[in-house]
Amino acid sequence: MTTTAAPQEVKYIGKPGEVSFAKGLEGVIVAESVKSYVDGIAGRLIYHGIPIEVLAEKSTFEETAFLLLYDKLPTEDELDVYKMRLRQYREIPDEVYDFISRAGRRYNFHPMSVLRTAVSMLAAFDDSAEEDTMIAHEREAIKLTSRIATVVAAIGRARKGLPPVHPRPDLSHAANFLYMLFGEEPDPFYARVMDVILILHADHECNASTFTVRAITSTLSDMYSAVVGGIAALKGPLHGGANEEVMHMLHEIGEVENAEAWVLRALARKKKIPGFGHRVYKTYDPRAHILKQYALEVTRRAGTEKWLRMAEVIERVMIERLGQKGIQPNVDFYSGIVMASMGIETALFTPIFAVGRIAGWVAHALEQRKDNRIYRPRFFYVGPEHMEYIPIEERG
């Protein structure tokens, strides 16, 4: 059932504080969706009815992406076809590699900015990018899901002055990403860890970047434009950049014995501790639980147990001090530790977030088109209602 928030004759004009509204659209329902649900009270996340814990244990990124896109688990044949299509689209044009190579080496050029521009370039090499049919949109969704991994791996190598490694069709999506990033076939354990990271980041209901994708799609703009908008939203440190801040914090703390005092000083200064708190979760983020378990083995293999021990001290102090207020670890708290221990550069954490989240973005874009209405909320105008125009030569 569709309802209107207010009758058409209402005037959205007045004085500051005169009308109550949901700042940041918090708690405002903007659409119906079958993709995912975040239960912030119980600390649950489900993708189309399946708990994230089950998917992290039993599924693959390819199967999870299929689930989000088509709203069902695939048969064996359906999954084989979907994986074939992903492999078919992995390669990107030489012109995009050239741009990444040049831009990736530039000082202070954020990798998310490179990713944003590279994805926009991909549209220029897609003959069906402007074709407005569901078949074309589905094809673009699969292309983007596949190719963002190639772009991000190329960015990672360009930042180190290394040439790109072209994709291999015989590897899984996660294993191929690590192969393209590091130039060698990954250990199966690390390939599985990356698979889980991508699954955990694939969708998260109506977050800022997904809302951006749906808002752009609601104008009937193309899939590439919608995803570029999602990337731009994800770049912000309040959304995708928090896992980078966790590693900066751990490097600043330095040693395990410094962790408790550092957190207490930070809290006394009202400083936000990265990796804690969430706009929806008021309890432990289920994705953080999963990554914490993987962090035990990843840090042991990498010899980075110190980071995990620091994290455990920080978690204990934060829960003791702020847990009753709903400030608990979120997915960013352990994802950074896991990826850094795998040898992944901190600046790539948010682009890798996009490698997973693309599955949700394109699924939501297609869902938006099925029952579309352009997004058009209102602002409550609190500026002057009548103001005299003064000629420029008379202005003081």
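What counts, and at which threshold
Residues numbered from 1 in each chain as written. Predicted model: local features only at pLDDT ≥ 70, side-chain atom pairs only at ≥ 80, totals over all residues. Heavy atoms only, no water. Helix = DSSP H or I, 4+ residues; strand = E, 2+ residues; numbered from the N terminus. Rg over C-alpha atoms; globule rule 2.2 N^0.38 Å. Areas by Shrake-Rupley, 256 points an atom, 1.4 Å probe, with all protein chains shown as cover. Buried < 20%, exposed > 50% of the residue type's maximum accessible area, 1.4 Å probe, protein only. Salt bridge = Lys/Arg side-chain N within 4 Å of Asp/Glu carboxyl O.

A closer look at the overall build of the protein
So, step 1. Across its full length, the protein carries 16 helices and 3 strands.
So, step 2. Expected size for 396 residues packed as a compact globule is a radius of gyration near 21 Å; at 22 Å, the protein falls within 12% of this value.
So, step 3. Projected onto its principal axes, the C-alpha coordinates of the protein cover approximately 70 × 55 × 50 Å.
So, step 4. Looking at the protein as shown, the accessible area adds up to about 19,700 Å², and 53% of this sits on carbon and sulfur atoms.

Observations concerning helix H9 (residues 208-218)
So, step 1. Listing the buried residues of H9 in full gives Ser209, Thr210, Val213, Arg214, Thr217 and Ser218.
So, step 2. Following H9 by one or two positions, Leu220 adopts a phi angle in the positive range, close to 70°.

Thoughts on the pattern of salt bridges
So, step 1. In total, this model carries 20 salt bridges according to the counting rule given.
So, step 2. Measuring nitrogen to oxygen at the nearest pair gives 3.1 Å for the salt bridge that ties Lys143 to Asp126. Here Lys143, found in helix H6 (residues 134-158), pairs with Asp126, found in the loop between helix H5 (111-124) and H6; they are 17 residues apart in sequence, far enough to count as distant.
So, step 3. Exposure remark for Asp126: the relative accessible area of 6% places this residue in the buried category.
So, step 4. Across the salt bridge formed by Arg214 and Glu367, the nearest N and O atoms sit 2.6 Å from each other. Residue Arg214 is found in helix H9, and its partner Glu367 is found in helix H16 (residues 349-370); the two are separated by 153 residues along the sequence. Per residue, the accessibility class of Arg214 equals that of Glu367, and both read buried.
So, step 5. Overlapping salt bridges bring together Asp187, Glu297, Arg300 and Arg301 as one network.

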